[in-house]
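Chain by chain, the residues:
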Amino acid sequence: MTTKAGTILYLNGVSVSFDGFRAINDLSLVLDKGEMRAIIGPNGAGKTTMMDIITGKTRPDKGEVFFDGNIDLTRHDEPGIANLGIGRKFQKPTVFESHTVEDNIRLSLKGERSVFAALFAKNSVADDRRITEILETVRLDGRRDALAANLSHGQKQWLEIGMLLAQDPKLLLVDEPVAGMTDAETAETARLLKDIAREHSVIVVEHDMHFVRELDVKVTCLHEGSVLAEGPLDHVAADQRVVEVYLGR
Amino acid sequence: MITQRVFGAGFTPRVQLALALILLGGVLVPLSNLLLAPSNPLHVPSYALALFGKYLCYALLALSLDLVWGYVGILSLGHGAFFALGGYAMGMYLMRQIGARGVYANPELPDFMVFLNWSELPWFWLGFDRFWFACLMVLLVPGLLAFVFGWFAFRSRVTGVYLSIITQAMTYALLLAFFRNDMGFGGNNGLTDFKDILGFPVQAAGTRGALFAASALALAVGVAVCAAIVGSQYGKLMIAVRDAESRTRFLGWRPENVKLFAFTVSAVMAGIAGALYVPQVGIINPGEFAPANSIEVVVWTAVGGRGTIVGPIIGALLVNSAKSWFTGALPDFWLFALGGLFVFVTLFMPKGILGLWDQWQNRTMRKKPADDPIEPSTAPLPQPAE
Ligand SMILES: Nc1ncnc2c1ncn2[C@@H]1O[C@H](COP(=O)(O)OP(=O)(O)OP(=O)(O)O)[C@@H](O)[C@H]1O
Ligand SMILES: [Mg+2]
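Residues numbered from 1 in each chain as written. Chains lettered and ligands numbered in written order. Predicted model: local features only at pLDDT ≥ 70, side-chain atom pairs only at ≥ 80, totals over all residues. Heavy atoms only, no water.

Topic: the environment of A:G63
With respect to the element layout, A:G63 can be found in strand β4 (residues 62-67). The spacing of A:G63 and A:S28 is 35 residues in sequence and 8.8 Å in space, taken between C-alpha atoms. (Helix = DSSP H or I, 4+ residues; strand = E, 2+ residues; numbered from the N terminus.)

As structure tokens, then:
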């Protein structure tokens with residue numbers, strides 16, 4: 001058994017069932033500090049459910065979930081976990097549609113999260129500069145005052161990644177970031193995520209194999225709620241069981 | 001806008017105009033009633049003063065609903081309860097001011113207690129002979145009920161239709177409770193026959209004028225408070241919770257606290273509205289808790305345009321003017337008209353009168369709608385999280 005020390009995320013023997021259906025089945029996964037990991041797996045493999053467990057949306061029936069060495073995530077709720085330093089991009093992009101791009105980032109900026117702090121918050125120059133920086137990183141600086149509702153699908157994905165960056169989390173969970181993107185946008189996103197991974201730990205879930213290849217990181221293949229194979233992409237892709245799972249659908 | 005920079009983004013030109021009109025009306029209408037001769041075309045007759053004073057209270061009630069429904073997405077079908085509680089607190093003060101002038105001439109006990117053969121004042125009536133204490137209760141009782149109710153409801157993540165239903169159940173339960181004689185609030189007759197307030201006879205023209213002015217002032221303060229809240233960072237958070245509650249959670253915010261604050265502030269506003277309403281109409285009875293009353297408030301707000309601060313005020317004034325006309329001309333048709341109005345607004349004017357106005361303005365001014373940085377008061381987009 002691996003030790004928790006030095007890991008950013010440590011899942012051990014995690015299981016969860018929905019009405020008797022085992023969505024996650026004795027799943028163990030370890031992510032080192034500063035590591036980026038790509039997670040692949042057929043539809044319904046449990047990738048999103050795994051993120052639900054890490055972020056406190058779903059409670060595991062059994063197993064251990066530790067963050068940053070020794071923080072037991074099963075004892076915290078969603079806002080608590082977010083404030084510990086875990087950010088999440090949803091599979092379906094979720095941004096605040098009736099707010100501007102700028103306000104979406106502003107609401108995500110790291111800082112105190114109480115009602116009274118928000119009531120009396122003043123826009124600081126430092127915040128403005130940080131927002132500009134983030135918008136440049138996610139290539140949305142030209143759309144600062146646009147309503148999020150008016151962004152294209154790909155831009156919404158980027159805005160959500162920008163919101164993640166604004167939170168300045170230690171660990172980013174990114175669920176299908178290139179779904180619905182053009183090839184050019186996909187390549188751009190791979191570059192963006194690799195940039196981000198230089199200073200953060202990242203888990204990326206994606207079906208797009210070109211994209212996963214671009215990321216050039218260790219890959220974990222999930223199937224029926226547990227790890228089927230793990231290693232470099234070529235190694236995983238050559239695994240007979242992985243091939244069967246993907247072709248057998 | 002300089003004013004917007006000083007007071008915050010919520011003080012849009014429209015809000016400023018509304019504030020100016022409310023304050024101006026609050027001064028000019030009573031003055032015209034008191035000082036101008038009835039023959040003068042600018043004279044406001046006393047019946048109109050009383051009627052519009054009432055509408056101002058309704059407008060404040062609609063505004064309070066807008067804060068929670070328009071901005072945080074809590075469709076309260078029980079806001080009439082907070083209004084009525086504020087009204088009862090004021091009514092209790094007014095009852096105690098009657099003193100020995102009641103039918104039974106008991107200096108301590110209100111008539112209905114003498115009638116019930118009670119020998120002393122129940123503990124919860126103590127202190128209400130003092131105006132400041134009654135005012136404190138006007139704020140505290142609705143605020144506390146909203147806080148406790150919201151604490152449990154929002155923490156257990158009750159939302160949408162279920163939340164609406166339990167708010168309705170809350171006002172209905174209070175209706176039944178206040179109907180009981182042994183509750184000590186006058187049973188189904190409620191509290192009435194008031195004599196004076198702060199030493200001034202409630203029926204006197206001067207008192208009525210002052211109550212009108214006080215209602216206008218309260219409404220103006222309500223508008224200013226809502227504009228300040230909505231224009232703050234917290235106001236943006238309210239809209240974020242309304243449109244994508246679970247997203248805010250994963251950003252580290254606690255939507256239950258966001259809702260709780262708005263709900264409590266809103267209930268206090270509704271309570272103040274009720275407290276100003278009671279001396280002007282001269283009675284408060286359990287009928288004010290009727291679920292139908294709370295639903296009417298929703299209609300006013302929807303008609304004016306929710307999530308706009310100014311819209312619900314316009315809605316309350318218009319719908320109630322229509323109601324007064326209908327109940328005079330075609331009394332049997334009012335409920336049908338109200339129901340029809342609600343259906344019409346929901347289907348054809350989802351953003352209410354103000355929404356329609358904005359649309360028309362956008363069209364005539366040929367603004368580029370796509371990149372238009374709209375006010376924080378944008379009406380809700382139905383956008384479920386995830
Ligand atoms: N809250 C829930 N209630 C019931 N079943 C659920 C729930 N969440 C997930 N499931 C089921 O668990 C299984 C795993 O779902 P999950 O969304 O994690 O898959 P995924 O790997 O993310 O798939 P995809 O690639 O399609 O996004 C699915 O069969 C799904 O129907
Ligand atoms: Mg998924």
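That covers the picture; the talk isn't over yet.
Quick notes on the environment of B:N106
All names here are of chain B. As for its placement among the helices and strands, N106 is situated in the loop between α4 (79-98) and α5 (111-115). We classify N106 as partly exposed; its relative accessible area is 22%. Taking the C-alpha atoms as reference points, N106 and N181, 75 residues apart in sequence, are found 19 Å from one another. Reaching out from N106, the side chain makes a polar contact with the backbone nitrogen of E108 at a distance of 2.8 Å. (Buried < 20%, exposed > 50% of the residue type's maximum accessible area, 1.4 Å probe, protein only. Polar contact = N/O pair within 3.5 Å; in protein donor to acceptor, adjacent residues only side chain to side chain.)

Side note on the site of ligand 1
Residues and elements named next belong to chain A. With respect to spatial proximity, 13 residues lie near ligand 1, and among them N43, K47, T48, T49 and H207 are the closest. N43 has a polar side-chain atom sitting 2.8 Å from an oxygen atom of ligand 1. A distance of 2.9 Å separates an oxygen atom of ligand 1 from a polar backbone atom of G46. Listed by contribution, the elements that provide at least two residues to the shell around ligand 1 are β2 (21-32) and α1 (47-54). Top element by residues in the shell around ligand 1 is α1. It accounts for three residues. (Near = heavy atom within 4 Å.)

Section: unusual backbone geometry
Residues and elements named next belong to chain A. A positive phi is found at E176, a non-glycine position, where the angle reads about 45 degrees. Within the fold, E176 resides in the loop between β7 (171-175) and α7 (183-197). Given the relative accessible area of 9%, E176 is considered buried.

Some thoughts on the coordination of the magnesium ion (ligand 2)
Six octahedral donors around a metal ideally make angles of 90 or 180 degrees; four tetrahedral donors ideally make 109.5 degrees. Residues and elements named next belong to chain A. Looking at the magnesium ion (ligand 2), the protein donor atoms are T48 (OG1) and Q91 (OE1), and they sit 1.9 to 2.2 Å from it. Placement of T48 in helix α1 and of Q91 in the loop between β6 (86-89) and α3 (101-108) is noted, with a sequence separation of 43 residues between them. Judged by relative accessible area, which is 26%, T48 ranks as partly exposed. (Donors = N, O, S within 2.8 Å, 3.2 Å for Na, K, Ca; no water.)

Comments concerning the pattern of salt bridges
The final tally for this structure, using the stated rule, is 32 salt bridges over all chains. A salt bridge links A:E188 to A:R191, with the shortest nitrogen-to-oxygen separation between them at 3.4 Å. Placement of the pair is A:E188 and A:R191 together in helix α7, with a separation of three residues, close to one helical turn. You can call A:E188 partly exposed: its relative accessible area is 22%. Between B:E296 and B:K323 there is a salt bridge; the shortest N-O distance is 3.3 Å. One end of the pair, B:E296, is in helix α11 (residues 291-304); the other, B:K323, is in helix α12 (residues 310-329), with 27 residues separating them in the sequence. Salt bridges linked by common partners bring A:E35, A:R37, A:K218 and A:E230 together as one network. (Salt bridge = Lys/Arg side-chain N within 4 Å of Asp/Glu carboxyl O.)

Describing the sheet that holds strand β3 (residues 36-40) of chain A
One key point about sheets: their strands pair by backbone hydrogen bonds, in either a parallel or an antiparallel sense. Residue and element names in this part refer to chain A. Spatial ordering of the open sheet is given by β6-β7-β8-β3-β9-β10, a layout of six strands whose pairing is mixed. Two strands in the sheet have a free side with no partner beyond their single neighbour: β6 and β10 (226-231). If you compare each strand with its neighbour and ignore which way they point, the axes differ by 20 degrees on average. The sheet strands contacting helix α10 (residues 240-247) are β3, β9 (218-223) and β10, and the helix crosses β10 at an angle near 125 degrees. (Pairing = 2+ DSSP bridges. Axes fitted to C-alpha atoms, helices over the stretch in contact; angles between N-to-C directions. Contact = heavy atoms within 4.5 Å.)

Let's talk about the interface of chain B and chain A
In many reports, interface size means the accessible area that the parts give up when they come together. Each partner contributes to the interface: chain B provides 35 residues, whereas chain A provides 37 residues. One salt bridge in this structure joins B:R157 and A:E78, with 3.0 Å as the shortest N-O distance. Seen at the junction of chain B and chain A, the total is 14 residue pairs in polar contact (both at pLDDT 80 or more). Elements represented by at least two residues in the side of chain B that touches chain A include exactly α9 (233-250) and α10 (255-281) of chain B. Examining the composition of the side of chain B that touches chain A, we find that 14 residues originate from one element, α9(B), more than from any other.

Concerning the packing of α11(B) against α12(B)
Each pair of packed helices gets described by two things: the angle between the helix axes and the distance between those axes. All names here are of chain B. At a minimum axis distance of 7 Å, the contact between α11 and α12 shows a crossing angle of 120 degrees. The handedness of the crossing between α11 and α12 is right-handed. Contacts from E296, W300, T301, V303 and G304 in α11 reach G311, P312, G315, A316, V319, N320 and K323 in α12. Here the contact of α11 with α12 is composed, by residue class, of five nonpolar, five polar and two charged. (Left-handed = near helix turned anticlockwise from the far one by under 90°. Nonpolar A, V, L, I, M, F, W, Y, C, P; charged D, E, K, R; others polar.)

Describing the packing of aromatic side chains
Tallied over the entire structure, the rule returns 29 aromatic pairs over all chains. Taken together, a centroid distance of 5.9 Å and an interplanar angle of 75 degrees make the contact between B:Y88 and B:F185 edge-to-face. With B:Y88 in helix α4 and B:F185 in the loop between α7 (160-179) and β1 (191-192), this residue pair connects regions lying 97 residues apart in the sequence. Look at B:F333 and B:F336: their rings are 6.4 Å apart centre to centre, the planes differ by 55 degrees, and that puts the pair in the tilted class. Aromatic rings pair up to connect B:Y88, B:W123, B:F124, B:F178, B:F185 and B:F289 into one cluster. Just above the ring of A:F66 sits the side chain of A:K4; from NZ or CZ to the centre is 3.9 Å. Taking the ring centre of B:F250 as reference, the NZ or CZ of A:R88 above it sits at 5.4 Å. (Phe/Tyr/Trp six-rings, centres within 6.5 Å; stacked < 30°, edge-to-face > 60°. Lys NZ or Arg CZ within 6 Å of the ring centre and 35° of its normal.)

Some thoughts on the environment of B:K351
Residue placement: B:K351 occurs in the loop between α13 (334-348) and α14 (352-365). With 65 residues separating them along the chain, B:K351 and B:P286 place their C-alpha atoms 33 Å apart.

Here we look at the UniProt feature "transmembrane region" (unreviewed entry) in chain B
All names here are of chain B. With numbering aligned to this structure, UniProt lists the feature "transmembrane region" (unreviewed entry) at residues 15-35, 47-65, 71-95, 131-154, 161-179, 210-237, 258-278 and 333-357. Strand forms 0% of residues 47-65 and helix 100%; the C-alpha atoms that close the span are 27 Å apart. Secondary structure content for residues 131-154 is 100% helix and 0% strand, and the end C-alpha separation is 34 Å. (UniProt positions renumbered as here; feature names shortened; annotations may be inferred.)

A short note on the sheet that holds β2(A)
All names here are of chain A. Here we have four strands laid out as an open sheet, ordered β2-β1-β4-β5, and antiparallel in their pairing. Each edge of the open sheet carries a strand with a single partner, namely β2 and β5 (71-72). Contacts from α1 reach β1 (7-18), β2 and β4 within the one sheet, and its direction differs from that of β1 by about 115 degrees.

What about the pairing of β2(A)?
Residue and element names in this part refer to chain A. Both β1 and β2 contribute to a ladder of eight bridges, which runs antiparallel. Bridged to F18 within β2 is F21. Between the antiparallel neighbours β1 and β2 lie two residues, among them D19 with a positive phi of about 50 degrees.

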